[in-house]
Amino acid sequence: MLFEVGGALGVVDGATVVPDNGVTAIKVADVDGVRLAGLLVDAGPVNSPVLVQIGPDNATAHHAADPTTLQDVFIRVGGAGPGSATAGAVVNSDDVIIDRTWIWRADHGAGVGWNTNPADYGLLVRGDDVPGTGLFVEHFKKYDVEWSGERGRTIFFQNEKADDAPNQAAVQNGATKGFAAYKVDDTVTSHEGWGLGSYCYFNVDPTIRMDHGFEAPVRPGVRFHDLLVVSLGGNGQYEHVVNGTGAATSGTSTTPSTVVAYP
């Protein structure tokens, strides 16, 4: 990797990072108090499994007293030139604070195309007690956000699905039409989100349909407030907002479909 932060009080601030030869651009150990801020991380032409990784797989330490923070970080796949990554960011450590972070598979600029700047996942959160405030995650081929840690909380999430998807088959998720913008894994018992929205503009194939923008297990501890999905000009549609709840988008009026509280 280009940067590895292994001790408490480590700081990476105000840098542009581009990985060589498919390495992880920034890797943080399972430690207290690391600050990542004001960064641009650009994917390189050789696929990286992840661009920013906080904590190793199966991290177990707790950091509530001195959490690692990811603030004002821009993770980009394509846009400046061809780039490739399986995931933009993976958070394995507990108690990490994610604030004002934009994770973007480019849909304009240089090096842009369904097979030119491939990336499956934007943000994968596996650690427990992780809050996200101001998440902007867009255009990934599968889940833009997938959350498997417990007691996650998101305040404000903005998303556009991958507008360059060539057809329905390219985004099909088994029997499900499309991958949700925000997915809470079936094993999660506690999660909450406020002010989350996803829109689609499938301009390559406007007939693409998504079963829902948000997907989560149905249980009392998993709750959402003020969700919306919207089709821009009828270029693609959502069947529901979250799981099977919420009216379908329809027509070309760019009218949001909303769910005030779920479940």
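You'll find the structure just up there.
Let us look at the structure shown here. Just so it is clear, the structure is predicted and the values come from calculations on it, not from any experiment.

About the cut-offs
Every residue gets a number counted from 1 within its own chain, in the order that chain's sequence is written. Thresholds applied to this predicted model are a pLDDT of at least 70 for local features of residues and 80 or more for the giving and counting of side-chain atom pairs; totals over whole chains, interfaces and linings are not thresholded and use all residues. To obtain the side-chain values, all non-hydrogen atoms of the structure were used and water was disregarded. A run of DSSP states H or I qualifies as a helix once it reaches four residues; a run of E qualifies as a strand once it reaches two. Both are numbered from the N-terminal end. In this description the radius of gyration comes from C-alpha coordinates, and the expected globular size is given by 2.2 Å times residues to the power 0.38. Only protein chains enter the accessibility calculation, which uses a 1.4 Å probe; a residue whose area is less than 20% of its type maximum is buried, one above 50% is exposed, and one in between is partly exposed. Contacts are residue-level and defined by heavy atoms, with any inter-residue pair within 4.5 Å sufficient. Every accessible area reported is derived by Shrake-Rupley at a probe size of 1.4 Å, with residue values counting cover from the shown protein chains alone. Neither His nor the chain ends is counted toward charge; the positive residues are Lys and Arg and the negative residues Asp and Glu. One atom stands in for each charge, and that atom is NZ of Lys, CZ of Arg, CG of Asp or CD of Glu. The pairing test for Phe, Tyr and Trp rings, Trp by its six-membered ring, is centres within 6.5 Å, and the orientation test on the planes gives stacked under 30 degrees, edge-to-face over 60, and tilted for anything in between. The criterion for strand pairing is that DSSP finds at least two bridges linking the strands in question. We define a salt bridge as a side-chain nitrogen of Lys or Arg found within 4 Å of a carboxyl oxygen belonging to Asp or Glu. Think of a polar contact as two N or O atoms within 3.5 Å of one another; within protein, one of them needs to be a possible hydrogen donor and the other a possible acceptor, and neighboring residues in sequence only count if both atoms come from side chains.

## Some words on the overall build of the chain
Piece 1. Each helix and strand counted, the chain has 1 helix and 19 strands in total.
Piece 2. Taking 263 residues into account, the globule formula puts the C-alpha radius of gyration at 18 Å, and the chain, at 18 Å, falls close to it.
Piece 3. With the C-alpha coordinates of the chain rotated into their principal frame, the extents come out at 55 × 45 × 30 Å.
Piece 4. Looking at the chain residue by residue over its 263 residues, the buried ones come to 56%.
Piece 5. Of the contacts made within the chain by residues no fewer than 6 positions apart, 71% connect residues no fewer than 24 positions apart.
Piece 6. Split by element, the accessible area of the chain, about 10000 Å² in all, is 54% carbon and sulfur.
Piece 7. Positive and negative side-chain charges in the chain, numbering 16 and 31 respectively, have mean positions lying 3 Å apart.

## Some words on the packing of aromatic side chains
Piece 1. Summed over all chains, the structure comprises 10 aromatic pairs.
Piece 2. On the numbers, 4.5 Å between centres and 5° between planes, the contact of Phe74 with Trp102 is stacked. With a gap of 28 residues between them, Phe74 in strand β7 (residues 69-77) and Trp102 in strand β9 (residues 97-105) connect regions that are remote in the sequence.
Piece 3. Residue Trp102 is classed as partly exposed on the basis of its relative accessible area, which comes to 33%.

## Some words on the pairing of strand β10 (residues 121-125)
Two faces make up the sheet, and in a regular strand the side chains alternate between them.
Piece 1. With respect to burial, β10 is a largely interior element, 5 of its 5 residues being buried.
Piece 2. Sheet analysis places strand β8 (residues 85-91) next to β10, joined by 4 bridges and oriented parallel. Bridge pairing in β10 places Val90 opposite Leu124.
Piece 3. Bridge analysis of β10 against strand β12 (residues 145-147) gives 3 bridges, and the strand direction is parallel. Bridge pairing links Val125 to Trp147 in β12.

## A look at the pattern of salt bridges
Piece 1. Scanning all chains against the criterion turns up 14 salt bridges.
Piece 2. Among the salt bridges present, the one from Lys161 reaches Asp144, with a minimum N-O distance of 2.7 Å. You can see Lys161 sitting in the loop between β13 (152-160) and α1 (168-171) and its partner Asp144 sitting in the loop between β11 (131-138) and β12, a full 17 residues away along the chain. Here Lys161 matches Asp144 in class, with each residue buried.

## Some remarks on the side chain of His139
Piece 1. One can find His139 in the loop between β11 and β12.
Piece 2. Owing to a relative accessible area of 1%, His139 belongs among the buried residues under this scheme.
Piece 3. Separated by 2.8 Å, the side chain of His139 and the backbone oxygen of Arg105 make a polar contact.
Piece 4. There is a polar contact of 3.4 Å between the side chain of His139 and the side chain of Asp107.

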